[in-house]
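Structural description and commentary
Here are the chains, one letter per residue:
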Amino acid sequence: MADGVGTRSARLPFGGREDRLKRRLLSGAVEDNLRAIENRPPGRLYRRRRVRWPIAFAGLAALAAGALVLAPRLGWGDFAEPTPGTLVATVRAGDDAAASDPDLPPTRVPAAVFPVVVRRVVLDPGHGGGDHGTRTPTGLTEKEITLDLARRLAERLGGAGYEVTLTRQGDERLELRERARLANERAADLFVSIHVNWFEDGRANRGIETYFLGPTDDPWATRLASAENLESGYALADVKQLLESVYSEFRQDQSRALAASVQRRLVRSVRELSPEVADRGVKSAPFLVLVDTEMPAILAEVSCLSSDEEARLLAESDYRDRLAQALFEGIQAYSHSVRKGG
Amino acid sequence: MSGKGQMLSVGIDLGTSQSAIATSTGARHVVDSYVGWPVDMVAKKVIKKPVLIGTEALENRSLLDLHRPLEQGLIKEGSEKDIAAVKEILGHLIGLAGEGGKEQKVRAVVGVPAETLRVNKQQLRQVMRGMVDSLIIVSEPFAVAYGIEALLHTMIVDSGAGTTDFCVMKGRYPTEEDQRTLTKAGDSVDDLLAKLVAERHPAIQFTIHMVRGWKEQHGFVGEPQGKVVVTAPSHGKATQIDITEEVRLACQSLIAPYTETLLDLLAAVEPEYQERVRHNVILAGRGSRIRGLAGELEKALADLGGGKVSAVEDPVFAGAAGCLSIALDADDSDWEKMTA
Ligand SMILES: Nc1ncnc2c1ncn2[C@@H]1O[C@H](COP(=O)(O)OP(=O)(O)O)[C@@H](O)[C@H]1O
Ligand SMILES: [Zn+2]
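These numbers come from a predicted model, not from an experiment.

On to the overall build of chain B. Helix and strand counts for chain B come out as 13 helices and 15 strands. The 340 residues of chain B split such that 60% are buried. Residue pairs in contact within chain B that sit at least 24 positions apart in sequence constitute 67% of those at least 6 positions apart. Just so you have it, chain B exposes about 13,600 Å², and 51% of that area is on carbon and sulfur atoms.

Below you can see the structure in the form of structure tokens.
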């Protein structure tokens, strides 16, 4: 099981072409260093590659034809209308060394070639009405914060051209299944549920975690899921059946990718202010609000009211803007990656 | 090509706990990443050197202002002393590798933790100025992948002291989204082991250095091969304690975060290649020496479709050797652009 990997062993499946792959990697390393030398901002290398346009357009025609065949394989087949943008573009970028090598992985066609795929986003501010969620002794409530964050996020998404719907507009109580139904009815491309955490284990603890739907044996996640599931409106039997039907679905991969993207931005942004905040990572747990949604869906616990420091920051407009901006960037980055086909 | 006669190419792995160098002349050296300056005049007299590096520094730490400059894989922002310490380590390694007195041009490829690369790249270039003629800085896991030619559809897990770096190789120079850095690594295992031992044996006295030694000697996950019994003082008397379960628990704490991160990165791999990546997970870094680590990760992956995990043969030099390969493979024209 743990056999050693030798130095310079011939692990690559393609003997001679290995050199071309190496050239590609080396020029990537050189380019990355040049950027530092020239004091250019660190970018994503592959986005900067030029596309050979004639090839790209030839490929585009073929892609349009193959769209319906490929879409289900990518896990998007269940959704409303598969758009060409969801496809993996097997057109090669103008990378000289590896330009026409069928064994090297394809580079993506830039996003601009395709229409936007993630268009409709449903935001779900956690709790509401008589269900306050968590709250501090000073009266700051989760339901108020999540709604405010959702509004700030909606404004940003709207500005970037997304169609945004909130599951609740005001301080109203809404069953979890209602929230999911709304997202399904709108044929949303993404569902993002916003919550604020509470850690029992000490006021000093501060952390961010993002969940997607899936099984878990982490007792913490189970406890959290059951707390967030209180208002579900589902019968227990329904729940079991629902869970079984979704765990195996491909949607999980997309949700995980979305969760990872959001988590990363949140952590990075919050740590600019408070380096000590814990990255509690991307996790899966059986949150019911995620169960019944038909699109990639996540639940982000963006902060925690149990920490005095977080509670103080959460009362500030600047901090809420920061969280909303990070959520926005996470969603944005995810939809870009989808546009690229990943 | 004619210039290559006086050209020395070096690969350097700049690590949190150890740094290593491998050169085109076949030299290999490793040094603990500790740097210490005498605290006062008295210390200076005793030490008789302006600065100590590696084990020497560790052994004399009571007389020194001791720095381990890449504590969490990062050079601390604005810490002049840590920057100076990095400079000392690199200078020391290059000094060991150079052939004294000879006029040579030095081309260096330096591998650093992914997080350092993200945050401190400019700083590192400045530190190296004057030490080498040209310089390429890469992330440590990329260097490892390059060195063992695991270039495509592979995942490198570089288990170090301050950080564990994950890097998935997709046939391109890894971008930020191909890499992840966890602070669950050797140091966090040490901390946990210390806590567990202290809880179970309140009277035992030990230091974090002892704990690290126990882990390095006995670290395992899964089934123990025998009892882990170590000796430590209790009320001034040497006492034997059984820490089998504590060692297992501490090392085991890596499995869940490692698995989660593997999956996280896998999710961003194109579906048709995920299977191949899952079967090409390669452990590097000295943390890979925890017995049973590859097997336990395979077990965790088994529930998720299966996978194969192996470990590099020589975790001490895998990074430096990879850097050297990069240095030797890069064209002269590339190197010309990389003036330090
Ligand atoms: N035999 C071993 N078993 C388990 N851990 C080990 C062993 N040898 C070293 N380590 C641990 O590996 C870590 C250092 O790994 P290394 O690859 O040198 O890291 P870095 O690149 O951060 O310097 C330390 O935490 C050290 O205690
Ligand atoms: Zn909540």
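On to the overall build of chain A, then. When its secondary structure is counted, chain A shows eleven helices and seven strands. Each of the 342 residues in chain A was classed as buried or not, and the buried ones make up 56%. For chain A, long-range pairs separated by at least 24 residues make up 77% of all intrachain contacts whose partners lie at least 6 apart in sequence. For chain A, the exposed area adds up to about 14,700 Å²; of that, 52% sits on carbon and sulfur atoms.

Attention shifts here to the site of ligand 1. Residue and element names in this part refer to chain B. Inspection of the region around ligand 1 gives 16 residues, with Ser17, Gln18, Lys215, Glu216 and Arg286 positioned closest. Within the backbone of Gln18, a nitrogen or oxygen atom sits 3.0 Å from an oxygen atom of ligand 1. Residue Lys215 places a side-chain N or O atom 2.7 Å away from an oxygen atom belonging to ligand 1. Expressed as a share of its isolated accessible area of 580 Å², the protein-covered part of ligand 1 is 92%. No other element matches helix α7 (residues 208–218), which puts three residues into the shell around ligand 1. Among the residues forming the shell around ligand 1, the class breakdown is two nonpolar, nine polar and five charged.

With that settled, consider the confidence of the model for chain A. Residues and elements named next belong to chain A. This prediction gives chain A a mean pLDDT of 70; 59% of its residues lie at or above 70. Element-level pLDDT for chain A is lowest in helix α2 (residues 45–48), with a mean of 30, against a maximum mean of 95 in helix α4 (residues 142–159). Within the model, the stretch residues 43–116 combines pLDDT values under 50 with 133 contacts to residues more than four positions away or in other chains.

When you line up the elements, Arg125 of chain B lands in helix α4 (residues 114–128). One buried charged side chain, Arg125 of chain B, makes no salt bridge at all; its nearest oppositely charged neighbour is Asp32 of chain A, positioned 8.6 Å away. Polar side-chain contacts of Arg125 of chain B include one of 3.5 Å to the backbone oxygen of Met338 of chain B. Leaving out residues up to four positions away in the same chain, Arg125 of chain B has contacts with Asn33, Ala36 and Ile37 of chain A together with Leu135, Ile137, Met338, Thr339 and Ala340 of chain B.

On to the nonpolar core. One recurring pattern in soluble globular proteins is that nonpolar side chains are buried together. Counting residues in each nonpolar core, the largest one holds 63 residues, and the members touching the most others are Ile12, Leu14, Val109, Met128, Val138 and Phe142 of chain B. Counting residues per element, this core draws most heavily on helix α3 (residues 80–97) of chain B, at eight residues. Grouped together as the second largest cluster of nonpolar side chains are 45 residues, Ala150, Leu153, Val302 and Leu327 of chain A included.

In this section: the pattern of salt bridges. Tallied over the entire structure, the rule returns 44 salt bridges over all chains. Notably, a salt bridge pairs Glu276 of chain A with Arg206 of chain A, separated by 2.9 Å at the nearest N-O pair. In this pair, Glu276 of chain A sits in the loop between α8 (251–273) and β6 (278–285) while Arg206 of chain A sits in the loop between β4 (190–197) and β5 (207–213), placing the two residues 70 residues apart along the sequence. We classify Glu276 of chain A as exposed; its relative accessible area is 54%. The residue Lys195 of chain B makes a salt bridge to Glu199 of chain B at a minimum N-O spacing of 3.9 Å. Taken together, the residues Lys195 of chain B and Glu199 of chain B, both in helix α6 (residues 186–200) and four residues apart, mark about one turn of the helix. For Glu199 of chain B, a relative accessible area of 52% corresponds to the exposed category.

For the rest of this paragraph, the subject is the packing of aromatic side chains. All names here are of chain B. Considering all chains together, one arrives at four aromatic pairs over all chains under this definition. Seen in terms of ring centroids, Phe142 and Tyr173 are 4.9 Å apart; in terms of plane orientation they differ by 75 degrees. Their pairing is edge-to-face. Highlighted residues: Phe142 in helix α5 (residues 140–147) and Tyr173 in the loop between β10 (164–170) and β11 (179–182), separated in sequence by 31 residues. You'll find Phe142 and Tyr173 in the same group, each marked buried.

Residue and element names in this part refer to chain B. Spatial strand order, β5-β4-β6: three strands in an open sheet with antiparallel pairing. Taken across any chain shown, the strands that pair with only one partner, and hence form the sheet edges, are β5 (52–53) and β6 (64–67). When strand β4 (residues 35–38) meets β6, the two strands line up antiparallel, connected through four bridges. Counterpart to Val35 in the pairing with β6 is His67.

We now examine unusual backbone geometry. Backbone geometry follows two general trends: most residues other than glycine have a negative phi, and most peptide bonds adopt the trans configuration. All names here are of chain B. Even without being a glycine, Glu149 presents a positive backbone phi close to 55 degrees. The topology assignment puts Glu149 in the loop between α5 and β9 (152–159). Judged by its relative accessible area of 7%, Glu149 is buried. Here the phi dihedral of His153 falls at roughly 55 degrees; this positive angle occurs in a residue that is not glycine. Mapped onto the elements, His153 comes out in strand β9.

Residue and element names in this part refer to chain B. For the pair α6 and α7, the least separation of the axes is 9 Å and the interaxial angle reads 105 degrees. As judged from the angle between their axes, α6 and α7 are roughly perpendicular. Here Gly186, Asp187, Val189, Asp190, Asp191, Leu193, Ala194 and Val197 of α6 lie close against α7, whose contacting residues are Ile208, Val211, Arg212, Trp214 and Lys215.

On to the sheet that holds strand β1 (residues 7–13) of chain B, then. Residue and element names in this part refer to chain B. On the basis of which strands lie adjacent, the open sheet formed by five strands has the order β3-β2-β1-β7-β8 and mixed pairing. Each edge of the sheet is formed by a strand with only one pairing partner; in this case those strands are β3 (28–32) and β8 (134–139). In this sheet, neighbouring strand axes are inclined to one another by 15 degrees on average, regardless of whether the strands run parallel or antiparallel. The pairing of strand β7 (residues 105–112) with β8 spans six bridges and is classified as parallel. The residue of β8 that forms the bridge with Val109 is Ile136. Along the sheet, α5 contacts β1, β7 and β8; its crossing angle with β8, the most-contacted strand, is approximately 95 degrees.

Attention shifts here to the confidence of the model for chain B. Detail in the predicted coordinates should be disregarded across regions flagged by low pLDDT. Residue and element names in this part refer to chain B. Averaged over every residue, the pLDDT of chain B is 89; residues scoring 70 or more account for 96%. Least confident of the elements in chain B is α4, whose mean pLDDT is 80; most confident is strand β14 (residues 281–284), at 98. Per the prediction output, this complex has pTM 0.59; the corresponding ipTM is 0.89.

All names here are of chain B. Given a rise of 1.5 Å per residue, twelve residues ought to cover 16 Å, and the 16 Å separating the end C-alpha atoms of helix α12 (residues 318–329) matches this to within 8%. Counting buried residues along α12, ten of its twelve residues qualify, which places the element largely inside the surrounding structure. Among the residues of α12, Ala318, Gly319, Ala320, Ala321, Gly322, Cys323, Leu324, Ser325, Ile326 and Ala327 are the ones counted as buried.

The rules behind each value
Within each chain, residues carry numbers counting from 1 in the order of the written sequence. Lettering for chains starts from A, numbering for ligands starts from 1, and both go in the order in which the items are written. The predicted origin of the model limits local features to residues at a pLDDT of at least 70 and limits the giving and counting of side-chain atom pairs to 80 or more, whereas totals for whole chains, interfaces and linings rest on all residues. Side-chain descriptors were evaluated using all non-hydrogen atoms of the structure, hydrogens and water having been removed beforehand. Numbering goes from the N terminus for both helices and strands, where a helix is a DSSP run of H or I of at least four residues and a strand is a run of E of at least two. Classification of residues uses two cut-offs on accessible area relative to the type maximum, computed with a 1.4 Å probe and protein chains only: under 20% is buried, over 50% is exposed, and between them is partly exposed. We call two residues in contact whenever any of their non-hydrogen atoms come within 4.5 Å of each other. The Shrake-Rupley method, run with a 1.4 Å probe sphere, supplies the accessible areas, and residue values consider only the shown protein chains as cover. Only a single heavy atom is needed: when it lies within 4 Å of a molecule or strand, its residue is near that molecule or strand. Polar contacts, as used here, are pairs of N or O atoms within 3.5 Å; protein pairs need one atom able to donate a hydrogen and one able to accept it. Residues neighboring in sequence count only if both atoms are side-chain atoms. Asp, Glu, Lys and Arg are counted as charged, while Ala, Val, Leu, Ile, Met, Phe, Trp, Tyr, Cys and Pro are counted as nonpolar; the rest, among them Gly, fall into the polar class. The pLDDT value expresses, per residue, how confident the predictor is, ranging between 0 and 100. Charge counting treats Lys and Arg as positive and Asp and Glu as negative, with His and both chain ends excluded. Take a side-chain nitrogen of Lys or Arg and a carboxyl oxygen of Asp or Glu: if they are within 4 Å of each other, that pair is a salt bridge. Buried Ala, Val, Leu, Ile, Met, Phe, Trp, Tyr and Cys residues that are joined via side-chain atoms within 4.5 Å together make up what is termed a nonpolar core. When the centres of two rings from Phe, Tyr and Trp lie within 6.5 Å, Trp using its six-membered ring, the rings pair. Their planes under 30 degrees apart give stacked, over 60 give edge-to-face, and anything left gives tilted. Pairing between strands requires that DSSP locate at least two bridges from one strand to the other. In this description, a line fitted to the C-alpha atoms serves as the axis of each element, helices being fitted only across the stretch in contact, and the angle between N-to-C directions of two axes falls anywhere from 0 to 180 degrees. When describing relative orientation, an angle under 35 degrees is termed roughly parallel and one over 145 degrees roughly antiparallel, while 65 to 115 degrees is termed roughly perpendicular and anything else oblique. To estimate the expected span of a helix, subtract one from its residue number and multiply by 1.5 Å.

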